[in-house]
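A look at the structure
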Amino acid sequence: MEPIQLAERRTRKRQRVQTPVIDCDIHNAFPSNETLYKYLPARWRRHHETIGLRGHYGGHYPRAMKNAARHDAWPPNGLPPGSDLAFMRAQLLDAWDLEYGILNPLLGAGGQLNLEFGAALARATNEWQLAEWVEPEPRLRASIVVPYEDSALAAQEIERWGGHPGFVQVLLIARTAEPLGRRKYWPIYEAAVRHDLPIGIHFGGAGGGPITGAGFPSHYIEDHAGMPQAFQAQVISLVCEGVFERFPTLKIVLIEGGFAWLPPLAWRLDQSWRRLKEEVPYLRRAPSEYIHEHFWITTQPMEEPPKGRFFRQLLEQLNADDRLMFATDYPHWDFDAPDRAFPVELPPALKRKIMAENARALYKLPPRHL
Amino acid sequence: MARYVVATVDEIPPGGRKIVEVAGRSIGVFNIGGEFYALRNSCPHQGGALCEGRLSGLLLATVPGEYTYSRRGEILRCPWHGWEFDVKTGQSWFDPARTRVRSYPVQVAEGKELAESQGPQKGPYVAETYEVTVERQYVLVEIP
């Protein structure tokens, strides 16, 4: 009667997360174009209706899951995943008793070839976030969406929202038209620093360059696994262009880019710098020091080495106990559950930092659970 | 081993499923081509509601570029990360020895037989012993 038993990794019961949880990567979406149009001036509404979104959409490989979403993240009312606050409350905020969640809408404003339209789209997105997400839900904070390929327009958008406590970050996407250290992007950093807002750099993007450094691959899995290449290029560029010498208080958050690659990249940069620093004389410290001081990292997706001790070594190499921040990536298909995200058990003090305290400090979030 | 009545046979048509709470656990009961199977509704990976996932087939390739689609409707994909499990056994295809989801034996019994026996415990589906329903067929899940 009983089937033959194999050595098995059995299904486990869900554990309550004992520490507070702050989720640093949640994606909200417009329920429909009608909602977007409420926030878009008539001139740009017409543009959206007649011309639509236009950018370099190199990343549109068919995802394993529709909308790249969890199959169970489609609200019963038929709206797209991430577009229904009540459903998000039930499935994410309440289900996991999140203390805070940071919204990162990936709605394409920054990738628009028409920069004025991108700016209008960014402004509409931010107005909508404030009115329909942050104001009704005290657990949510939002990232400021900016048309980052025009840094003057982007800086205007940061000025518009930078003083509002509902916005805690400026959102850029990993694949920009040029590496982010280039001077064309500096006004964005200047505005962010003025308001003491971190710059979040999120997976994805449409800068026109190929998905990987070797060109465009065939499959979504290559896109998904290849994205750290873009993050690495951004880290190298931000360090080597001297951005952190020019903006010593600038904070960068790498979101959904993984992190196992960061220690060896820092080692390599240090080694190159010792031999080639004449080329970048304004760098007064080793690249690894800038990285350690200026970069924060979110956990999802986490590289999972085959042995638990490798993961512990990785955390040690990363030397980022104060920099690693938990993220679910809800409602996307590679969502990480707060109680099961880590391949090893973490020491309680470190777990508290990663699950909430690092994000609380960076985003200046007052405690909600006493 | 306790047996629980979880559904009538016609409640879960071929290709269909029903998710039930039995003995404190959530279980998905599937009908594949007239045969019934039951799995724990929790993915061994991160605990996603596995039995709410899509049923698909098994895509195989012997060399790059040649594809065979087989076992249509027998492979369950977790709604979160797409981990694939064989509905009939609970085994994964990428790590069959170590990663599997708990599966439970399922039987079909006549209502008349249930009404007369003292064996099965009542599950969430109340197997009323009125004359009308007693003639139907019921799906039973066995929980150790």
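So, how was this worked out
Residues numbered from 1 in each chain as written. Chains lettered and ligands numbered in written order. Predicted model: local features only at pLDDT ≥ 70, side-chain atom pairs only at ≥ 80, totals over all residues. Heavy atoms only, no water. Helix = DSSP H or I, 4+ residues; strand = E, 2+ residues; numbered from the N terminus. Rg over C-alpha atoms; globule rule 2.2 N^0.38 Å. Buried < 20%, exposed > 50% of the residue type's maximum accessible area, 1.4 Å probe, protein only. Contact = heavy atoms within 4.5 Å. Areas by Shrake-Rupley, 256 points an atom, 1.4 Å probe, with all protein chains shown as cover. Lys, Arg positive; Asp, Glu negative; His and termini not counted. Charge placed at Lys NZ, Arg CZ, Asp CG, Glu CD. UniProt positions renumbered as here; feature names shortened; annotations may be inferred. Axes fitted to C-alpha atoms, helices over the stretch in contact; angles between N-to-C directions. Parallel < 35°, antiparallel > 145°, perpendicular 65-115°, else oblique. Left-handed = near helix turned anticlockwise from the far one by under 90°. Nonpolar A, V, L, I, M, F, W, Y, C, P; charged D, E, K, R; others polar. Pairing = 2+ DSSP bridges. Salt bridge = Lys/Arg side-chain N within 4 Å of Asp/Glu carboxyl O. Expected span 1.5 Å × (residues − 1). pLDDT = per-residue confidence, 0-100. Phe/Tyr/Trp six-rings, centres within 6.5 Å; stacked < 30°, edge-to-face > 60°. Lys NZ or Arg CZ within 6 Å of the ring centre and 35° of its normal. Core = buried A, V, L, I, M, F, W, Y, C linked by side-chain atoms within 4.5 Å.

Some words on the overall build of chain A
Along its length, chain A carries 13 helices and eight strands. Whereas a compact globule of 370 residues would reach a radius of gyration of roughly 21 Å, chain A reaches 21 Å, a difference of no more than 12%. Its C-alpha atoms give chain A principal-axis dimensions of about 70 × 60 × 50 Å. Here chain A holds 370 residues, and the buried ones make up 56% of them. Sequence-distant contacts in chain A: of pairs separated by 6 or more residues, those separated by 24 or more amount to 80%. Summed over all atoms, the accessible surface of chain A reaches about 16300 Å², with 54% contributed by carbon and sulfur. Averaging the positions of the 43 positive and the 44 negative side-chain charges in chain A gives two centres separated by 1 Å.

Observations regarding the UniProt feature "domain: Rieske" (unreviewed entry) in chain B
UniProt feature "domain: Rieske" (unreviewed entry): in the numbering of this structure it lies at residues 4-115 of chain B. End-to-end, the C-alpha atoms of residues 4-115 of chain B are 13 Å apart, and along that stretch the chain is 4% helix and 46% strand.

Brief notes about the packing of helix 10 (residues 262-276) of chain A against helix 12 (residues 308-318) of chain A
All names here are of chain A. At a closest axis distance of 8 Å, the pairing of helix 10 and helix 12 adopts a crossing angle of 40 degrees. Between helix 10 and helix 12, the crossing angle belongs to the class labelled oblique. Along this stretch, helix 10 crosses helix 12, giving a crossing that reads as left-handed. Side by side, helix 10 and helix 12 meet where Leu 262, Pro 263 and Trp 267 of the first sit next to Leu 314, Gln 317 and Leu 318 of the second. Here the residues of the contact of helix 10 with helix 12 sort into five nonpolar, one polar and no charged.

A few points about the sheet that holds strand 1 (residues 22-26) of chain A
Residue and element names in this part refer to chain A. Pairing is parallel in the open sheet, where eight strands are placed in the order 1-2-3-4-5-6-7-8. At either end of the open sheet lies a strand with only one pairing partner, and these are strand 1 and strand 8 (324-325). Of the strand pairs in this sheet, strand 3 (residues 140-145) and strand 4 (residues 167-175) are connected by four bridges, and their pairing is parallel. Counterpart to Val 145 in the pairing with strand 4 is Leu 171. Contacting strand 4 and strand 5 (199-205), helix 6 (residues 186-194) runs over the sheet at an angle of about 160 degrees to strand 4. Contacts from helix 11 (residues 287-294) reach strand 6 (252-255) and strand 7 (295-298) within the one sheet, and its direction differs from that of strand 7 by about 60 degrees.

A closer look at the pattern of salt bridges
Residues and elements named next belong to chain A. Counted by the stated rule, this structure contains 26 salt bridges over all chains. A salt bridge links Asp 322 to Lys 353; the shortest N-O distance between them is 2.8 Å. Of this pair, Asp 322 sits in the loop between helix 12 and strand 8 while Lys 353 sits in helix 13 (residues 348-363), and the two are 31 residues apart along the sequence. Judged by its relative accessible area of 42%, Asp 322 falls in the partly exposed class.

Examining helix 10 of chain A
Given a rise of 1.5 Å per residue, 15 residues ought to cover 21 Å, and the 20 Å separating the end C-alpha atoms of helix 10 of chain A matches this to within 8%. Residues of helix 10 of chain A that are buried sit in contact with helix 8 (228-240), helix 11, strand 7 and helix 12 of chain A.

Some details on the packing of helix 5 (residues 151-161) of chain A against helix 6 of chain A
Residues and elements named next belong to chain A. Packing of helix 5 against helix 6 leaves a shortest axis separation of 8 Å and a crossing angle of 15 degrees. By the criterion of interaxial angle, the relationship of helix 5 to helix 6 is roughly parallel. Note on packing geometry: the crossing formed by helix 5 with helix 6 is right-handed. Between helix 5 and helix 6, the contacting residues are Ser 151, Ala 154, Ala 155, Ile 158 and Glu 159 on the first element and Pro 187, Ile 188, Ala 191, Ala 192 and Arg 194 on the second. For the contact of helix 5 with helix 6, the residue count by class is seven nonpolar, one polar and two charged.

Some details on the sheet that holds strand 5 (residues 54-60) of chain B
Residue and element names in this part refer to chain B. In spatial order, the strands read 5-6-7; together these three strands make up an open sheet with antiparallel pairing. The two strands at the open ends of the sheet, each matched to only one other strand, are strand 5 and strand 7 (84-86). Sheet twist, expressed as the average angle between the axes of neighbouring strands with direction ignored, equals 60 degrees. The sheet contact formed by strand 6 (residues 68-77) and strand 7 spans three bridges and is antiparallel.

Regarding the confidence of the model for chain A
Per-chain confidence: chain A averages 93 in pLDDT, with 95% of residues scoring 70 or above. Within the model, pLDDT remains below 50 along residues 1-9 of chain A, and this stretch shows 23 contacts once partners closer than five positions in the same chain are excluded.

Re the packing of aromatic side chains
Under the counting rule described, the total for this entry stands at twelve aromatic pairs over all chains. Here Trp83(B) and Phe94(B) contribute two aromatic rings whose centre-to-centre distance is 4.9 Å and whose plane-to-plane angle is 85 degrees, an arrangement assigned as edge-to-face. A residue pair is termed long-range when its members are at least 10 positions apart, and Trp83(B) in the loop between strand 6 and strand 7 and Phe94(B) in the loop between strand 7 and strand 8 (103-104) qualify at eleven residues. For Arg70(A), the ring lying beneath its charged end belongs to Phe335(A), and the centroid distance is 4.4 Å. Above the plane of the ring of Trp273(A) lies Lys277(A), whose end atom (NZ or CZ) is 4.8 Å from the centre.

What to know about the side chain of Ser26(B)
Residues and elements named next belong to chain B. On the secondary structure map, Ser 26 appears in strand 3 (residues 25-32). A residue is classified by how much of its surface remains accessible, and Ser 26, at 18% relative accessible area, is buried. Sequence-distant contacts of Ser 26, defined by excluding residues within four places in its chain, comprise Ile 19, Val 20, Glu 21, Leu 39, Arg 40 and Asn 41.

As for the nonpolar core
Residues and elements named next belong to chain A. Val 170, Ile 188, Tyr 189 and Ile 199 are the most contacted members of the largest nonpolar core, which totals 113 residues. Of the residues forming this core, the biggest block, nine residues, is contributed by helix 4 (residues 115-134). Apart from the residues lying within four places of it in its own chain, the contact partners of Tyr 189 are Leu 172, Leu 180, Ile 199, Leu 238, Val 243, Phe 247 and Leu 250.

Points about the confidence of the model for chain B
Residue and element names in this part refer to chain B. Per-chain confidence: chain B averages 87 in pLDDT, with 87% of residues scoring 70 or above. Within chain B, strand 4 (residues 35-40) carries the highest mean pLDDT (96), whereas helix 2 (residues 131-134) carries the lowest (50). We note a pTM of 0.91 for the whole complex and an ipTM of 0.82 for its interfaces.

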